[in-house]
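# Reading the structure
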Amino acid sequence: MRTQNSLLQDLRQALPQLRSQIYFKASLTALSHAMEDLVLSGTDKPLVIANFQQERFYRQEAPRYQKIGEITDQVYVLAAPETAFNEGSVSYMTVALSPDDQLAQEWHLVIVGHHYSACLVCREHAAPISTPSLDEVRQFQGFWTFDPEITVQAARLLLERIVDYRPELAPKVRLAEQEYGLTQSSLPTQTSSEIDPNLFVDRMVNYLQASQYRLLNAYRTIASQEQKERLVNSIATAIRRSLNPEQILSVTVSELGQVFRLGRCLLHRDQSDCPEVEYESVAPGLESLRGQVWSLASHPLFQKTLEQPQVETSDSERTIAIADVSQDLGIQSDADLKAQLQRYQIGSCLMVPIRYRSNLLGLLELHQPDAHIWKADEVALVETISAQVAVALMQAQAYSRLEVLNHQLADLERTQSNLIAIVGHELRTPLSTIQVCLESLATEPDMPLNFQQIMLETALEDSERLRKLVQDFLTLSRLESGATRWFVEPISFQECLDLVLSRYASSSDQPHIGLDIPSQLPLVLVDGDGLIEVLSKLLDNACKFTPADGKIMISARIPEPDLADSKLEVVIADTGRGIESSRLEAVFDRFSQEEGFLQRTVGGTGLGLAICRRTIEAMNGTIWAESMGKNLGSEFHFTVGVA
Ligand code: ADP
């Protein structure tokens, strides 16, 4: 029956004095290589038995065993097969271990020569911390020795196992036992003194150094990978947390600046209205480019490098990498550009466009003070970040559009509810008055004549109010749809004003209207009806919102004759209830009324000022309100062109 015991345990049973210890894989590799070198560099033709645990570990060492097989014909290689490893007998004998054999967990190297012997017997030991990714830190428990007695014992046990697996090798194994003194009756004759300890230790140290170096490199790669992942993560987090493009772009340059510590990182947005460098991270000692005009459109380096052969990246983005600007003929032939690069200590540069689909949104630019070959992983990193930034910028843009849309919707909703409230109130109030008056007249034929007169006048007044309301709606809707036809011509401002004022007979129940109009006013270039409408509405408002004992003053300022495009400025000022500064603009919105319609003491639709603004703007003028605040009076100013 085939034995499947651990060789380490069998040896410990046979030789109880054996003491085992824990080894890292890196130490065992160095030890095995130094032991194999004894065979490769010596003249002895020893018996070599190597157990590699698994086929994959054997594969790494197969070339060495090829060479060992050329030196001695007693070489046995054991491993648990994973793919193609099977029993063979070419330059050395191979033994395919069954996967449940304890030997498949062990690492053996047994060398029995005529002048020396060496052996290593270890078993994989579960590491206290599981670090599956790092092969070098795997741990083994066992021992290694030059002791011939232990080595011979290990060789005997392993040869027995080999014959168990491959009985046809028994004659070859018997020969080995004879030749290397492994039979029970004979004792090994050689000693380990024939090994050159200096050579052995030298080699082992070399192998250890090499493995240490590999480990260091692996750590460096992991550290740089980790730094890059951290960078991508922090940018991704910034993007997730913020929809503010300023914040995203600042984080991007500062994080990239940390990775490319020696140089400068710039980020330009493809905005023609902002050609200065806004986002930069710069290494100490290098001059900052912040605030400089270094725009994409007028970027000499970018323009220049576009003419050079480009490094096309896998995703076919137009990344430009210049390892040494002093070797770039295009740059060197441009004296200004060369001087600029020297001034800002730019020895090499990498430029990655920030694109979303085919839209160019900006450019990420890295400078190094010296020549620098941009490695593929560096380029890939900057490209990944540029792709993230592109998505973030598009998200931020979409969000801000959404916000604008939201505001518009909210405005619309407000307008709609104001419309319903105002129209409801302004229609219902005069209608019910008219109805009451007419009903009284119809049902009470005996009503005294003066009462009938009052009823009729009231009904007429309110029907006039209704007419005005409908008229304002029509005027505004024509203005908004652009259907209004304007007849702009030179007219006298004074005449228009006189026409408006003729409707305001002075009475004790309305404020006094004063005038300050220079006598020599030039003709104004306006649509006469439009100007009259604006003056009437502003004057109506001034009367409406000013108590009877208040004052209204209409003034006009002659335009500066020397100023081109100078205009006539008209001001209608009152001492009435005033307007809060936060509402000075809002009063020009449709249906904008300071008090809710229910509390209104005076009628109104909230359409008057909206009509005034559209009319004045259609005549190339401007209209605005000024007020010192509540109850401190208001001023409405507007300008019109002169002939
Ligand atoms: P309304 O029909 O309500 O007067 P307007 O568009 O003419 O509509 O005016 C909008 C709002 O602007 C008014 O409701 C009022 O709150 C404010 N306003 C207009 N003119 C004056 C003024 N001279 N003094 C104080 N507030 C005014």
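Residues numbered from 1 in each chain as written. Predicted model: local features only at pLDDT ≥ 70, side-chain atom pairs only at ≥ 80, totals over all residues. Heavy atoms only, no water.

Turning our attention to the overall build of the protein chain. In terms of helices and strands, the protein chain carries 15 helices and 20 strands. When contacts within the protein chain are restricted to residue pairs at least 6 apart in sequence, long-range pairs at least 24 apart make up 70% of them. Accessible surface for the protein chain amounts to roughly 33,800 Å². Of this, 53% is attributable to carbon and sulfur atoms. (Helix = DSSP H or I, 4+ residues; strand = E, 2+ residues; numbered from the N terminus. Contact = heavy atoms within 4.5 Å. Areas by Shrake-Rupley, 256 points an atom, 1.4 Å probe, with all protein chains shown as cover.)

When two helices pack together, their arrangement is given by the angle between their axes and by how far apart the axes lie. The interhelical angle for the contact between helix H6 (residues 197-241) and helix H7 (residues 245-259), taken along N-to-C directions, is 170°, at an axis separation of 9 Å. In terms of orientation, H6 and H7 fall into the roughly antiparallel class. Counting all contacts with H6, which are made through Gln227, Arg230, Leu231, Ser234, Ile235, Ala238 and Ile239, the residues of H7 involved are Ile248, Val251, Thr252, Glu255, Leu256, Gln258 and Val259. A per-class count over the contact of H6 with H7 returns eight nonpolar, four polar and two charged. (Axes fitted to C-alpha atoms, helices over the stretch in contact; angles between N-to-C directions. Parallel < 35°, antiparallel > 145°, perpendicular 65-115°, else oblique. Nonpolar A, V, L, I, M, F, W, Y, C, P; charged D, E, K, R; others polar.)

Pairing is mixed across the open sheet formed by eight strands, whose spatial order is E1-E8-E7-E6-E2-E3-E5-E4. Each end of this open sheet is capped by a strand with a single partner; those strands are strand E1 (21-24) and strand E4 (88-89). Summarising the sheet, strand E6 (residues 106-112) and strand E7 (residues 117-125) pair through seven bridges and their orientation is antiparallel. Note on E7: the bridge partner recorded for Glu106 is Arg123. Packing against the sheet, helix H3 (residues 55-71) makes contact with strand E2 (47-54), strand E3 (75-80) and E6, and its axis sits at approximately 165° to E2. (Pairing = 2+ DSSP bridges.)

Here the focus is the pattern of salt bridges. Pairing of side chains with opposite charge becomes possible as their charged atoms draw close. By the definition in use, this model includes 25 salt bridges. One salt bridge connects Glu36 with Arg64, and the closest N-O pair in it is separated by 2.7 Å. Taken together, the residues span a long stretch of sequence, with Glu36 in helix H2 (residues 25-41) and Arg64 in helix H3 at a distance of 28 residues. Relative accessible area serves as the criterion here: at 3%, Glu36 is assigned to the buried category. On the accessibility criterion, Arg64 (17% relative accessible area) is buried. (Salt bridge = Lys/Arg side-chain N within 4 Å of Asp/Glu carboxyl O. Buried < 20%, exposed > 50% of the residue type's maximum accessible area, 1.4 Å probe, protein only.)

The next thing to look at is helix H14 (residues 528-544). Over its 17 residues, H14 runs 24 Å from end to end, which matches the ideal 24 Å to within 8%, given 1.5 Å per residue. Buried within H14 we find Gly528, Gly530, Leu531, Val534, Leu535, Ser536, Lys537, Leu538, Leu539, Asn541, Ala542 and Cys543. Of the residues that open H14, the one with a side-chain oxygen 3.2 Å from the backbone nitrogen of Asp529 is Asp527. (Expected span 1.5 Å × (residues − 1). Polar contact = N/O pair within 3.5 Å; in protein donor to acceptor, adjacent residues only side chain to side chain.)

Here we come to the pairing of strand E8 (residues 139-145). The buried fraction of E8 is high, at five of seven residues. Examined bridge by bridge, E1 and E8 share four bridges and lie antiparallel to one another. Residue pairing in the sheet places Ile22 in a bridge with Gln141 of E8. Pairing geometry for E7 and E8, over seven bridges, is antiparallel. Bridge pairing in E8 links Glu124 to Phe140.

Let us now look at empty space enclosed by the protein. Applying the stated rule across the entire model yields two cavities of 30 Å³ or more. If you add up the space inside the second largest cavity, you get close to 40 Å³. Around the second largest cavity, the lining residues are Ala34, Asp37, Leu38, Ser41, Leu199, Phe200 and Arg203. Looking at the lining of the second largest cavity, the elements with two or more residues in it are H2 and H6. Per-element accounting of the lining of the second largest cavity gives the leading share, four residues, to H2. Classifying every residue of the lining of the second largest cavity gives four nonpolar, one polar and two charged. (1 Å grid on protein atoms, 1.4 Å probe; cavity = no way out; pocket = protein on both sides within 12 Å on 5 of 7 lines; lining within 4 Å. Points joined across faces, edges and corners; volume = space filled by probe spheres on them.)

Glancing now at the sheet that holds strand E19 (residues 623-627). Overall, mixed pairing links the five strands, which are arranged E15-E17-E18-E20-E19 in an open sheet. Of all the strands in the sheet, the pair left with one neighbour each is strand E15 (512-516) and E19. Direction aside, neighbouring strands of the sheet carry axes that sit 15° apart on average. By the bridge criterion, eight bridges tie strand E18 (residues 567-574) to strand E20 (residues 634-641) in an arrangement that is antiparallel. Pairing of Val570 across the sheet is with Phe638, part of E20. Of the strands in this sheet, E15, strand E17 (551-557), E18, E19 and E20 are in contact with H14, which crosses E18 at around 25°.

Turning our eyes to something else, we now look at the packing of aromatic side chains. In the structure shown here, the tally under the stated rule is nine aromatic pairs. Look at Phe52 and Tyr65: their rings are 5.3 Å apart centre to centre, the planes differ by 85°, and that puts the pair in the edge-to-face class. Within this pair, whereas Phe52 is found in strand E2, its partner Tyr65 is found in helix H3, the two being separated by 13 residues in sequence. Taken together through their ring pairs, the aromatic side chains of Phe52, Tyr58, Tyr65 and Phe85 make up a single cluster. The side chain of Arg613 reaches across the aromatic face of Phe588, ending 4.1 Å from its centre. (Phe/Tyr/Trp six-rings, centres within 6.5 Å; stacked < 30°, edge-to-face > 60°. Lys NZ or Arg CZ within 6 Å of the ring centre and 35° of its normal.)

Glancing now at unusual backbone geometry. A negative phi angle characterises most non-glycine residues, just as the trans form characterises most peptide bonds. Unlike most non-glycine residues, Gln345 shows phi in positive territory, near 50°. Position of Gln345 among the secondary structure elements: in the loop between helix H10 (335-343) and strand E12 (348-356). The partly exposed category is assigned to Gln345, whose relative accessible area is 38%. Backbone geometry at Asn631 places phi at a positive 60°, although glycine is not the residue there. Within the secondary structure, Asn631 is located in the loop between E19 and E20. Owing to a relative accessible area of 58%, Asn631 belongs among the exposed residues under this scheme.

Moving on, we get to the side chain of Thr252. Relative to the helices and strands, Thr252 resides in helix H7. Overall, the relative accessible area of 0% leaves Thr252 in the buried class. Filtering out sequence-adjacent residues up to four positions away, Thr252 remains in contact with Ile235, Leu267, Ile385 and Val389.

Attention shifts here to the pairing of E12. The element E12 is extensively covered by neighbouring structure, given that seven of its nine residues are classed as buried. Two strands pair when backbone bridges link them, and strand E11 (residues 320-322) and E12 are joined in this way by three bridges, in the antiparallel orientation. Residue pairing for E12: Ala321 is matched across the bridge by Leu350.

Relative to the elements of secondary structure, Gly528 occurs in helix H14. Gly528 sits in the buried class, given a relative accessible area of 15%. The spatial distance from the C-alpha of Gly528 to the C-alpha of Trp486 is 9.0 Å, given a sequence separation of 42 residues. Those residues within four positions of Gly528 in sequence are excluded, and the remaining contacts are Phe487 and Ile491.

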